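Observations on chain architecture
Listed here are the chains, written in short residue letters.
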Amino acid sequence: SAIVLRVALLPLLWYQLRESRRLAAMTPQLRAIRLECASLSPLPRRAWTTAGRMYRACRAASVQPLALVAVPLLQISVLVYSVVSVRRMVL
């Protein structure tokens, strides 16, 4: 059952790896955006501007930056569900 679960999650893992590679390829662009926004004075303005520009740059390059977070969260929830269901079967 654990092997079947791992095999079922392989397409998600491949998707996450592809997005990670794309994001890693964008590192120079993201570093340049961070340096451009470093001179903004109020910290909240700097954070919002940096995040917005980085997100737009990722979307323009067909990178899903939130996929790097969503896939592990989905994997964790499936793992917790399977552990709880196995526990119920045993008890």
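Report follows, based on the coordinates.

Cut-offs applied
Residues numbered from 1 in each chain as written. Predicted model: local features only at pLDDT ≥ 70, side-chain atom pairs only at ≥ 80, totals over all residues. Heavy atoms only, no water. Helix = DSSP H or I, 4+ residues; strand = E, 2+ residues; numbered from the N terminus. Rg over C-alpha atoms; globule rule 2.2 N^0.38 Å. Buried < 20%, exposed > 50% of the residue type's maximum accessible area, 1.4 Å probe, protein only. Areas by Shrake-Rupley, 256 points an atom, 1.4 Å probe, with all protein chains shown as cover. Axes fitted to C-alpha atoms, helices over the stretch in contact; angles between N-to-C directions. Parallel < 35°, antiparallel > 145°, perpendicular 65-115°, else oblique. Left-handed = near helix turned anticlockwise from the far one by under 90°. Contact = heavy atoms within 4.5 Å. Nonpolar A, V, L, I, M, F, W, Y, C, P; charged D, E, K, R; others polar. Core = buried A, V, L, I, M, F, W, Y, C linked by side-chain atoms within 4.5 Å.

Turning to the overall build of the chain, a few remarks are in order. The helix and strand tally for the chain stands at five helices and zero strands. Moving toward the C terminus, one meets the helices and strands of the chain in the order α-α-α-α-α. For 91 residues, the compact-globule estimate of 2.2 N^0.38 gives 12 Å, and the chain exceeds it by more than 25% at 19 Å. On the principal axes, the C-alpha backbone points of the chain span a range of 60 × 25 × 15 Å. Buried residues in the chain amount to 20% of all 91 residues. For the chain, the accessible surface area stands at approximately 7000 Å², while carbon and sulfur atoms represent 68% of it.

Before going further, it helps to spend a moment on the packing of helix α2 (residues 10-25) against helix α5 (residues 67-90). The interhelical angle for the contact between α2 and α5, taken along N-to-C directions, is 155°, at an axis separation of 9 Å. As far as their axial angle goes, α5 and α2 are roughly antiparallel. The two elements α2 and α5 cross, and the hand of that crossing is left-handed. Contacts between α2 and α5 pair Leu12, Leu13, Tyr15, Gln16, Glu19, Ser20 and Leu23 from the former with Ala67, Leu68, Val71, Pro72, Leu74 and Gln75 from the latter. Residues that form the contact of α2 with α5 fall into these classes: nine nonpolar, three polar and one charged.

The subject of this paragraph is unusual backbone geometry. Even without a glycine there, the phi angle at Ser62 is positive, about 60°. Within the fold, Ser62 resides in the loop between α4 (43-60) and α5. Assessed through its relative accessible area of 46%, Ser62 is described here as partly exposed.

Turning our attention to the nonpolar core. Within the largest apolar cluster, nine residues are counted, these being Met26, Leu30, Ile33, Cys37, Leu40, Met54, Ala57, Cys58 and Val63. Contributions of two or more residues to this core are made by α3 (27-37) and α4. Ignoring sequence-local partners within four residues, the contact set of Ala57 consists of Met26 and Ile33.

Here we come to the environment of Leu30. Take Leu30: it is sitting in helix α3. Judged by relative accessible area, Leu30 falls into the buried class, the value being 13%. On a C-alpha basis, the gap between Leu30 and Val86 in space is 44 Å, while along the polypeptide they are 56 residues apart.

Glancing now at the environment of Cys37. Mapping Cys37 onto the fold places it in helix α3. Judged by its relative accessible area of 1%, Cys37 is buried. Each C-alpha atom, one on Cys37 and one on Gln16, is 28 Å from the other, the two residues being 21 residues apart in sequence.

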